[in-house]
Every structure is written in C-alpha cells, then in structure tokens.
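# Architecture at a glance
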Amino acid sequence: MKKAKLLFLEDDPNLSESVSEYLEEQGFEVICVYDASSAEDLLYEEKFDLLLLDVNVPGGDGFSLLKASRGEGNVTPAIFITSRNGMDDVEEGFESGGDDYIRKPYALKELLLRIQTILKRNFYHPASQAIDLGNAITYDTDNQLLKVEGKEVPMQIKEHKLLKLFLQHRGELLTHETIMDRLWDYEETPSDGSLRTYIKTLRKILGKDTIVSHKRLGYQFR
C-alpha cells in the first residue's frame, strides 16, 4: 500500500525532526519545511495527502498560507498545530480551511490518531481541482495538465514550472532574477532567450495580454 504523504510545516528544527521521525516510523512519508514560502512552493509543486501546519512561522503564517491555497482549489485536508490556543485562533484556523486544530504541547499518539482519522475520512488523494484560467482554459497543477476546450496542450517542463510560478504570484511583478532562479536548477545555465521563448509559448496559449512585460524588470501575470 502506498504511503500517505504529509507536508509538515514547523520552524523548530528539533520538534520537526522528532515528530517526522515518529510519523515515518508509523509508515508515513513526511516532507519537512521550516517557513511559509517553502511550504507555499511545495503546495504548487507536489501532491500531498495531508498538511500539518504550524501557524507562527518565518515568512508568513499557516492560516494565510492555507487560506490562499484553498482559494487556488487545493482541497488537501489540513491540521493546524500551534501554541496559539485562544478561541479566536481556533475559529480563525477553521475559517481559513483547516480540518482540525491541535494545541501545543501535544502527545505524538494524539497527533497520530487525528491524522489517521482524517485520512480514513478522505481515503487519500482527493479529486484534483483544476484552476480555471478563463476562455475554456484549465490547468491542473498536480498533474501538470493544461487543457484548452477540454483538449490537453503539450508543454515543456520549464513551461509548466513557469506557469505554476505565475499562478502562485498572480498580479505580482516577478523579476527576471526570480524567474531564472526558480526555472533553472543549480547546475544549469539560465538563458534569457529560452525564457522569452517560454513566455511566448504561454502567451500563445493563454492570450498575449495575460503576461505583461515590464522593461528591464520582469513579468506580471494577470
């Protein structure tokens, strides 16, 4: 049976290590991240069965992270694990899309039971939600499927990565440096010409006005 894959956002490295080791011993695959930005990136890049989210973390907070992800169609169940234990905090956690809320400190056995309960309820891997881009265009970020009027449009790997990046930062100006850093791996050599080609391809599919060029600065996805 395939292991359930968990995303664990916790900025305390010692706690992250002890909890992840325990859950891995229980048969789970655990991906650990320590800040909101890294968690946000992984939510776009990978598929998870369950999210374990601390709230007070560097670069943002778990509530806002999940709320934004829910707005993009992510239905992966989530448990907040936090020292914020006021009733207003609990209410905010559920309103932002959380399925459960555990106050620190907590017993590992309790966490395990709550995880098992949610996974049984969701049967692993809920149906993928495609993002509606308008004009009969949809994009399934989990399976990297771009469809126009129901027909799949083939794209290169870096074109998929670029589209995900734009969707992750809609309306924001992304500098050339940011895009280069995200599209090319450490051992690869970034190429301005290739980037322009990827932009041209996406504009051809999505519409020329969807990606705005800002001279000498970068690009903005509308």
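Higher on the page you've got the structure.
Anyway, here's the lowdown on the structure attached to this text. It should be emphasised that the depicted structure is a prediction, and the values quoted were computed from it without experimental measurement.

## Some thoughts on the sheet that holds strand β2 (residues 29–33)
Backbone-to-backbone hydrogen bonds join strands into a sheet, with any given pair of strands oriented parallel or antiparallel. Spatially, β2-β1-β3-β6-β7 is the arrangement adopted by the 5 strands of the open sheet, whose pairing is parallel. With one partner strand each, in any of the chains shown, β2 and β7 (100–103) form the two edges of the open sheet. With strand direction ignored, the average angle separating the axes of adjacent strands in the sheet is 20°. Sheet topology places strand β1 (residues 5–9) next to strand β3 (residues 50–53); 4 bridges connect them, and they run parallel. Paired with F8 across the two strands is L52, which belongs to β3. Docked against the sheet, helix α2 (residues 36–45) engages β1, β2 and β3, running at close to 160° with respect to β1. Helix α4 (residues 87–95) contacts β6 (78–82) and β7 of the sheet and is inclined by roughly 145° relative to β7.

## Remarks on the sheet that holds strand β10 (residues 145–148)
Ordered in space as β8-β9-β10-β11, the 4 strands form an open sheet in which the pairing is antiparallel. If you trace the sheet from one side to the other, it starts and ends with β8 (131–134) and β11 (151–152), each paired once. With 2 bridges connecting them, β10 and β11 associate as antiparallel partners. Each residue of the ladder has a partner; that of V148, found in β11, is K151. Along the sheet face, helix α6 (residues 157–168) touches β8, β9 (137–140) and β10 and points at about 100° away from the line of β9.

## Re the layout of surface pockets
For the second largest pocket, the calculated volume is near 190 Å³. Lining the second largest pocket are E45, Q144, K161, K164, L165, Q168, D181, R182 and L183. Looking at the lining of the second largest pocket, the elements with two or more residues in it are α6 and α7 (176–183).

So, how was this worked out
Residues numbered from 1 in each chain as written. Predicted model: local features only at pLDDT ≥ 70, side-chain atom pairs only at ≥ 80, totals over all residues. Heavy atoms only, no water. Pairing = 2+ DSSP bridges. Helix = DSSP H or I, 4+ residues; strand = E, 2+ residues; numbered from the N terminus. Axes fitted to C-alpha atoms, helices over the stretch in contact; angles between N-to-C directions. Contact = heavy atoms within 4.5 Å. 1 Å grid on protein atoms, 1.4 Å probe; cavity = no way out; pocket = protein on both sides within 12 Å on 5 of 7 lines; lining within 4 Å. Points joined across faces, edges and corners; volume = space filled by probe spheres on them.

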